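# Fold and contact review
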Amino acid sequence: MANVFSGFLSRPAANAPAAPATNVVEVRMLKTRMKRLADRGDRVVQRLAEIEASITNLSNEDLLDLADIFKAEPRPPIGEMAFLEMARREISL
């Protein structure tokens, strides 16, 4: 008789709630993932600010060289940054 019920007893009920430990682990993993994504976003914003500052700090000659490299249309973002800086300084190719 024990063999008949052994498989039945090892299965959880269909409407049994998930184990609480599983939910805690999933919430912790979600919080960790959300923090990692937020940190990555912060690093991207910081890096973009550093790139913009680098372009702003170029001499006129170097800025013109950079703009010349990226003058093809459509301009990539670094080319747009260079041309915006040139417009601010009122210089052109």
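Residues numbered from 1 in each chain as written. Predicted model: local features only at pLDDT ≥ 70, side-chain atom pairs only at ≥ 80, totals over all residues. Heavy atoms only, no water.

Taken together, the buried positions of helix H3 (residues 60-69) are Leu63, Leu66 and Ala67. On an axial view of H3, the arc spanned by its buried residues comes to 100°, and they lie on one face. Turned more than 90 degrees off the buried face of H3, the exposed positions are Glu61 and Ile69. (Buried < 20%, exposed > 50% of the residue type's maximum accessible area, 1.4 Å probe, protein only. Helix = DSSP H or I, 4+ residues; strand = E, 2+ residues; numbered from the N terminus. Arc of directions from axis to C-beta.)

Throughout the structure, instances matching the rule amount to zero aromatic pairs. The cationic tip of Arg75 hangs over the ring face of Phe83; the distance from NZ or CZ to the ring centre is 3.6 Å. (Phe/Tyr/Trp six-rings, centres within 6.5 Å; stacked < 30°, edge-to-face > 60°. Lys NZ or Arg CZ within 6 Å of the ring centre and 35° of its normal.)

All right, on to the side chain of Glu85 then. Within the secondary structure layout, Glu85 lies in helix H4 (residues 77-89). In this structure, Glu85 is in contact with Ile55, Thr56 and Leu63, ignoring residues within four places of it in sequence. (Contact = heavy atoms within 4.5 Å.)

An α-helical segment advances 3.6 residues per turn. Residues three or four places apart therefore align on the same side. If you check H4, its first and last C-alpha atoms are 18 Å apart, about what 13 residues at 1.5 Å a residue would give, namely 18 Å. The set of residues buried in H4 consists of Gly79, Met81, Ala82, Phe83, Glu85 and Met86. One or two residues past the end of H4 sits Glu90, with phi positive at roughly 60°. (Expected span 1.5 Å × (residues − 1).)

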